[in-house]
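# Topology and contacts: notes
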Amino acid sequence: MDIYVVKSGDTVDQIAAAFSVPAESIIWNNQLVYPYPLAVGQALLIGEFDEAAERQRDAGGYAYTYISRWVLEQTLPFLNRLFVFSYGFTTEGEIIDPPRDDLWMIQLSQEQDTVPILTLTPFGQDGKFNNNLIHQVVTNASVTDRLLNNLVFEMQEKGYGGIDIDFEYILAQDRDFFTAFVRRAVEIMHPYGFTVSVALAPKTSAGQKGLLYEGKDYAAIGAAADEVLLMTYEWGYKYGPPMAVAPLNMVRRVLDYAVTEIETSKINLGIANYGYDWPLPFVRGETAARTIGNVEAVQIAIRYGAEILFDDVAQSPYFYYTDGDGTEHVVWFEDVRSLQQKYALLPEYGLKGIGVWQIMRWFRGMWLV
């Protein structure tokens, strides 16, 4: 495998000849669009890959129930676990099903020997994480048991293999109650053969302040759960200032702390499969970035003749362009270079695997790497 960064004047045929590979393999690896224009600074994955070499790492991916069937079929051969997003619940412990049927996703997963995992989220009626809903459930033992037993029945009925608990913005006062909720989930789920995983906000210290962090006890949750996902992304986010979504220097800071609290064999590294396009100038409270796919980002650079740059600290690609209305934009995304750097952290830290948020867009390069 080679990664080649496009220079001015390069063509696919020239690059193929230089590496002695078929041009078709470069087109396929990198999802190039006819007539195959390239962007200066674009990272191309070069090599011919053996389909039998799939699943070299333990990998999970999150998907909404409205994912394209074609995209899911392309992705499943690379996944050990499919996290179906998501189930909700009421303050009385009753389950709220996803807005669309999930049985077809479970069936496809099982056909590919991928374990379907039920993702549980505390969304309120506004579709956002609701910490009052969390509070009412985790502080009431009878409601906790009702919810978990309802989930066991649902998981048995549908063929799920485990549960992923994705509770965010937990109140600091509910920190120990949430840990107890995870322990109780393990007690109830394990006799039925179900695994329990927990998604963790990307903390860099035990005493880190903020609503995302104070309700999560890394050490206690890591000891209770079968595995955890570090959500090592969203430093660059929709309403925030433009920056890399998952800068490598920040990802390392999270790992440096996490491995002091949690067994490394339980830790999955969060991987972002998306980027953001911000209009400039950025005005806090007003500017909102557009979420884009990594393949789409390169097509935008090609369309506007932008040169793709690479930040050495964040180890992430970015570029500027001016649209047809004269508005300047900056785009940060992931490419095969940035992903290769993140994947290298797995053996370095001895991690279990990766969890991709999310697999709704097909990015072949991320799986080939």
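Described below are features of the structure shown in this document. (Residues numbered from 1 in each chain as written. Predicted model: local features only at pLDDT ≥ 70, side-chain atom pairs only at ≥ 80, totals over all residues. Heavy atoms only, no water.)

## Digging into the packing of helix α6 (residues 141-158) against helix α7 (residues 175-189)
Viewed as axis vectors pointing N to C, α6 and α7 meet at an angle of 40°, and their least axial separation amounts to 10 Å. Of the possible angle classes, the one that applies to α6 and α7 is oblique. Handedness of the crossing formed by α6 with α7: right-handed. Note on element contacts: α7 touches α6 through Phe181, Arg184, Ala185, Ile188 and Met189, opposite Thr144, Asp145, Leu147, Leu148, Asn149, Leu151, Val152 and Met155. For the contact of α6 with α7, the per-class residue count stands at 9 nonpolar, 2 polar and 2 charged. (Axes fitted to C-alpha atoms, helices over the stretch in contact; angles between N-to-C directions. Helix = DSSP H or I, 4+ residues; strand = E, 2+ residues; numbered from the N terminus. Parallel < 35°, antiparallel > 145°, perpendicular 65-115°, else oblique. Left-handed = near helix turned anticlockwise from the far one by under 90°. Contact = heavy atoms within 4.5 Å. Nonpolar A, V, L, I, M, F, W, Y, C, P; charged D, E, K, R; others polar.)

## Overview of the layout of surface pockets
Each pocket or cavity is described by its volume, and for the largest pocket that value is around 1200 Å³. Forming the boundary of the largest pocket are 31 residues, of which Glu168, Tyr169, Glu234, Tyr237 and Tyr276 lie nearest the centre. Taken together, the residues that form the lining of the largest pocket break down as 20 nonpolar, 5 polar and 6 charged. (1 Å grid on protein atoms, 1.4 Å probe; cavity = no way out; pocket = protein on both sides within 12 Å on 5 of 7 lines; lining within 4 Å. Points joined across faces, edges and corners; volume = space filled by probe spheres on them.)

## Points about the sheet that holds strand β13 (residues 309-311)
Sheet architecture is open: 5 strands sit in the order β12-β11-β15-β14-β13, paired in antiparallel fashion. Each edge of the open sheet carries a strand with a single partner, namely β12 (290-292) and β13. If you compare each strand with its neighbour and ignore which way they point, the axes differ by 25° on average. Alignment of strand β11 (residues 275-279) against strand β15 (residues 328-332), held across 4 bridges, turns out to be antiparallel. (Pairing = 2+ DSSP bridges.)

## Focus: empty space enclosed by the protein
Taken as a whole and judged by the stated rule, the model has 2 cavities of 30 Å³ or more. Those elements that place two or more of their residues in the lining of the largest cavity are α2 (23-30), β2 (43-46), α10 (294-303) and α11 (336-343). The biggest single contributor to the lining of the largest cavity is α10, with 4 residues. Residues belonging to the lining of the largest cavity are distributed by class as follows: 9 nonpolar, 8 polar and 3 charged. In this structure, the second largest cavity encloses a volume near 50 Å³. Lining the second largest cavity are Tyr62, Arg81, Phe83, Asp164, Ser197, Glu227, Val228, Leu229, Asn268, Ile354 and Gly355. Every element with two or more residues in the lining of the second largest cavity is listed here: β4 (81-89), β9 (227-230) and β16 (353-357). Looking at the lining of the second largest cavity element by element, the count peaks at 3 residues for β9. Grouping the amino acids of the lining of the second largest cavity by side-chain chemistry returns 5 nonpolar, 3 polar and 3 charged.

## Examining the side chain of Gln31
As for its placement among the helices and strands, Gln31 is situated in the loop between α2 and β2. Looking at Gln31, its side chain comes within polar contact range of the main-chain nitrogen of Arg364, at 2.7 Å. Not counting chain neighbours up to four residues away, the residues in contact with Gln31 comprise Val295, Trp362, Phe363, Arg364 and Gly365. (Polar contact = N/O pair within 3.5 Å; in protein donor to acceptor, adjacent residues only side chain to side chain.)

## A few points about α2
Counting buried residues in α2 gives 6 out of 8 residues, a clear majority hidden from the surface. Residues of α2 that are buried in the fold lie against α1 (12-19), β2 and α13 (364-368). Phi for Gln31, located one or two positions after α2, is positive at around 55°. (Buried < 20%, exposed > 50% of the residue type's maximum accessible area, 1.4 Å probe, protein only.)

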